[in-house]
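The lines below spell out each chain.
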Amino acid sequence: MRSSWFNKLSIIIGPRPPVNWLFLWLMSLLVLIVVLGSSSSNIVDPAPHIPVSLIYTNYRRVKEQAAVDYLELRSVAQGVSRQREFDLCGKERENFVPCYNVSASLLAGFKDGEEFDRHCELLVEAERCLVRPPKEYKIPLQWPTARDVIWSGNVKITKNQFLSSGSMTKRLMLLEENQIAFHSEDGLIYDGMKDYSRQLAEMIGLGSDYELPQAGVHTILDVNCGFGSFAAHLAPLKIMTVCIAPYEATGSQVQLALERGLPAVIGNFIARQLPYPSLSYDMVHCAQCGIIWDEKDGMFLIEVDRVLKPGGYFVLTSPTSRSQGSSSQMKRRNMLMPMEQLTQKLCWTPLAQQDETFIWQKTADVNCYESRKKHAIPLCKEDDDAQSYYRPLQPCISGTSSKRWIAIQNRSSGYELSSAELKMNGKYCVQPEDFFEDLQFWRSALKNYWSLLTPLIFSDHPKRPGDEDPLPPFNMMRNVMDMSTKYGGLNTALLEENKSVWVMNVVPATASNSLPFILDRGFAGVMHDWCEPFPTYPRTYDMLHANGLLSHLTSERCSLVNLFLEMDRILRPEGWVILSDNMGDIEMARTLAAQVRWEARVIDLKNGSDQRLLVCQKPFLKK
């Protein structure tokens, strides 16, 4: 069957010519296109009446089209049919999260909660298609409005589920029929999030929650975060609060938090370690999170100790809130007895108790473990502060031999680390000279991005090219993922330019592990193998960025087709993709971008290198 290209050709030159003549004609045209495509950009049309800017625009369009024609001709000459666009998936996959299939996990023998965990080894190659948005889906509101008002059709949790959740209706207000609004001062805790946050600060010994960074609290891991109200309240205080919650088939805390523009990732304590290295967070927060911490011989609490930095805090609000009488006191006592024993073995100090909230502080003195009683929890033999990818829970205390064992009160504030802290991360391939060189590169790169893309991406006036870039926080981007970060350079450059975004810094599992360094800087980050799907729900990021990832994955023999389908799954409609790589991989990526229906453009950086940018935008597809 003849291709559409041959049909167009027959219209232009008449009936189909002999095969030999056609082959010679194709080769001649191919040579002509290569010559045109490789011409210098200083070639100009001698016609004096055409403006220079128009000449450049027309030439650039011709050059891009010549490159496209060259690829199509090469496919025809090799007898390969042009790849068609992927179809849209059915309605059943609107909220599809790969690697989380409870039925398949049960058939494989997983039980005791492990069937809800991540099992990519059971992932069956499904039909390749584009996960479409629900019928009621709407483009999210811009930050900071989106923090407090979301479209109800964008999340898996329905209005009926909200309304049937009892006291939740006191903290939520439904606007019209298609929006959910969160009271700015209300949230998971009954007395309001502002009062709750101030209470925690006072229990630590501070005057207000604005002083939390002064006490060394810059990053918080919020376990089973509910509606994300704790993170939403702390966001203006420049405290990075990351929600981590298990996969939920009906309703999702992670999806809801990301929809509100707050950092979140799927993960739980069932059988495997969280996707973080040891000594990662200044505080771990659990407010009615539903976890029985003394189960499995305290393994869950040992995991909290692993990710908690020396001198860090564990905050627990018990599930007995608002209970009255002696039965409440008895429940609380029964809960605390095993907790007291475990925390002593972990060298935690009970810091304060108020109402149903308890705070422990992890020791900053590594010698504390030697003074414990016999039969205490053992220390891990290896220095495992570097992350092992989804390893099983370990029944030992880790991080004690790490060079990163520094009390949070003695660490630098903000994302600028001291020279001593940079050297401390030397074992993770972080050298001060390399770090500063990388930072300068991203400062320059981000300015180039703005010059190319403003006001399309970093402005709230996408149809007003003449307007200046508005001041923060009014920018269109909020959830940004750097898919192949090194030191968090893009994250730093965005912060320096006062862009109101947060970045999920993803360190490829097969690359040098700089994740401990990134977390020490107070950034959000995880380690991930891009040969596998990312643990998040569909339509949860506004922009995906990757530098050198394509060539890296090609060397790892990962499927770039699966990668682009996964990127399309997690990217919001009208979201953006920026890929930087060598020319060959970018050309291949451009073809894949067309298959997933993205609008794409290749940009020559004109710096004499082989590097190219591929800038794409995902359209809002509806079936």
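Residues numbered from 1 in each chain as written. Predicted model: local features only at pLDDT ≥ 70, side-chain atom pairs only at ≥ 80, totals over all residues. Heavy atoms only, no water.

- Per an unreviewed UniProt entry, the chain goes by Methyltransferase and derives from Glycine max.
- What the UniProt record of the chain gives under Sequence similarities (unreviewed entry) is the line "Belongs to the methyltransferase superfamily." (UniProt positions renumbered as here; feature names shortened; annotations may be inferred.)

So, the pairing of strand 10 (residues 357-362)
Here's step 1: Burial of strand 10 is extensive: five of the six residues sit out of reach of the surface.
Here's step 2: Where strand 8 (residues 308-317) meets strand 10, five bridges bridge the pair, whose relative direction is antiparallel. Pairing of Phe 314 across the sheet is with Trp 360, part of strand 10.
Here's step 3: In this structure, strand 9 (residues 348-354) lies alongside strand 10, joined through six bridges in antiparallel fashion. (Buried < 20%, exposed > 50% of the residue type's maximum accessible area, 1.4 Å probe, protein only. Helix = DSSP H or I, 4+ residues; strand = E, 2+ residues; numbered from the N terminus. Pairing = 2+ DSSP bridges.)

Looking at helix 18 (residues 583-595)
Here's step 1: Compared with an ideal rise of 1.5 Å per residue, which puts 13 residues at 18 Å, helix 18 spans 19 Å between its outermost C-alpha atoms and is within 8% of the ideal.
Here's step 2: Every buried residue belonging to helix 18 is among Asp 585, Ile 586, Ala 589, Arg 590, Leu 592, Ala 593 and Gln 595, and all of these are buried.
Here's step 3: Where helix 18 terminates, the next one or two residues include Arg 597, which has phi positive at roughly 75 degrees. (Expected span 1.5 Å × (residues − 1).)

Considering the pattern of salt bridges
Here's step 1: Applying the stated rule across the entire model yields 21 salt bridges.
Here's step 2: With its nearest N and O atoms 3.6 Å apart, the salt bridge here joins Asp 148 to Arg 147.
Here's step 3: For Arg 147, a relative accessible area of 17% corresponds to the buried category.
Here's step 4: One salt bridge in this structure joins Asp 604 and Arg 612, with 3.5 Å as the shortest N-O distance.
Here's step 5: On the basis of relative accessibility, which here comes to 32%, the residue Asp 604 falls in the partly exposed class.
Here's step 6: Among the charged side chains, a salt-bridge network with shared partners connects Asp 282, Lys 309, Arg 404, Arg 411 and Asp 520. (Salt bridge = Lys/Arg side-chain N within 4 Å of Asp/Glu carboxyl O.)

Considerations on the pairing of strand 7 (residues 281-287)
Here's step 1: Here strand 7 lies mainly inside the structure; seven of its seven residues are buried.
Here's step 2: Bridging between strand 7 and strand 8 involves six bridges; their strand directions are parallel. Across the sheet, residue Ala 287 finds its bridge partner in strand 8, namely Thr 317.
Here's step 3: As for the winding sense of the linkage, the β-α-β connection from strand 7 through helix 10 (residues 299-307) to strand 8 is right-handed. (Right-handed = clockwise from strand over helix to strand, strands pointing away.)

Thoughts on the side chain of Arg 118
Here's step 1: Along the polypeptide, Arg 118 turns up in the loop between helix 4 (102-107) and helix 5 (145-148).
Here's step 2: Of note is the side chain of Arg 118, whose polar atom sits 2.9 Å from the side chain of Glu 532.
Here's step 3: The residues touching Arg 118, leaving out its near neighbours within four places in the chain, are Cys 99, Tyr 100, Arg 272, Tyr 389, Tyr 390, His 528, Glu 532, Pro 533 and Pro 535. (Polar contact = N/O pair within 3.5 Å; in protein donor to acceptor, adjacent residues only side chain to side chain. Contact = heavy atoms within 4.5 Å.)

Let's talk about the nonpolar core
Here's step 1: Counting residues in each nonpolar core, the largest one holds 97 residues, and the members touching the most others are Tyr 276, Trp 293, Phe 314 and Leu 579.
Here's step 2: The contacts of Leu 579, once residues within four sequence positions are left out, are Ala 546, Leu 550, Phe 564, Met 567, Ile 586, Ala 589, Arg 612, Leu 613 and Leu 614.
Here's step 3: Of all hydrophobic cores here, the second largest spans 21 residues; its members include Tyr 196, Leu 212, Phe 230 and Ala 287. (Core = buried A, V, L, I, M, F, W, Y, C linked by side-chain atoms within 4.5 Å.)

Some remarks on the sheet that holds strand 5 (residues 240-245)
Here's step 1: Judged by pairing direction, the sheet is mixed, and its seven strands sit side by side in the order 6-5-4-7-8-10-9 without closing on themselves. Either end of the sheet is taken by a strand with one partner, and the two such strands are strand 6 (264-266) and strand 9. Neighbour to neighbour, the strand axes of the sheet diverge by 20 degrees on average, direction disregarded.
Here's step 2: Those strands touched by helix 7 (residues 193-204) are strand 7, strand 8, strand 9 and strand 10, and its axis lies near 45 degrees from that of strand 10. (Axes fitted to C-alpha atoms, helices over the stretch in contact; angles between N-to-C directions.)

As for the sheet that holds strand 15 (residues 571-582)
Here's step 1: In spatial order, the strands read 13-12-11-14-15-17-16; together these seven strands make up an open sheet with mixed pairing. Each having just a single partner strand, strand 13 (524-528) and strand 16 (599-604) make up the two edges of the open sheet. Neighbour-to-neighbour, the strand axes of this sheet turn through a mean angle of 15 degrees, independent of strand direction.
Here's step 2: In this structure, strand 16 lies alongside strand 17 (residues 611-617), joined through six bridges in antiparallel fashion.

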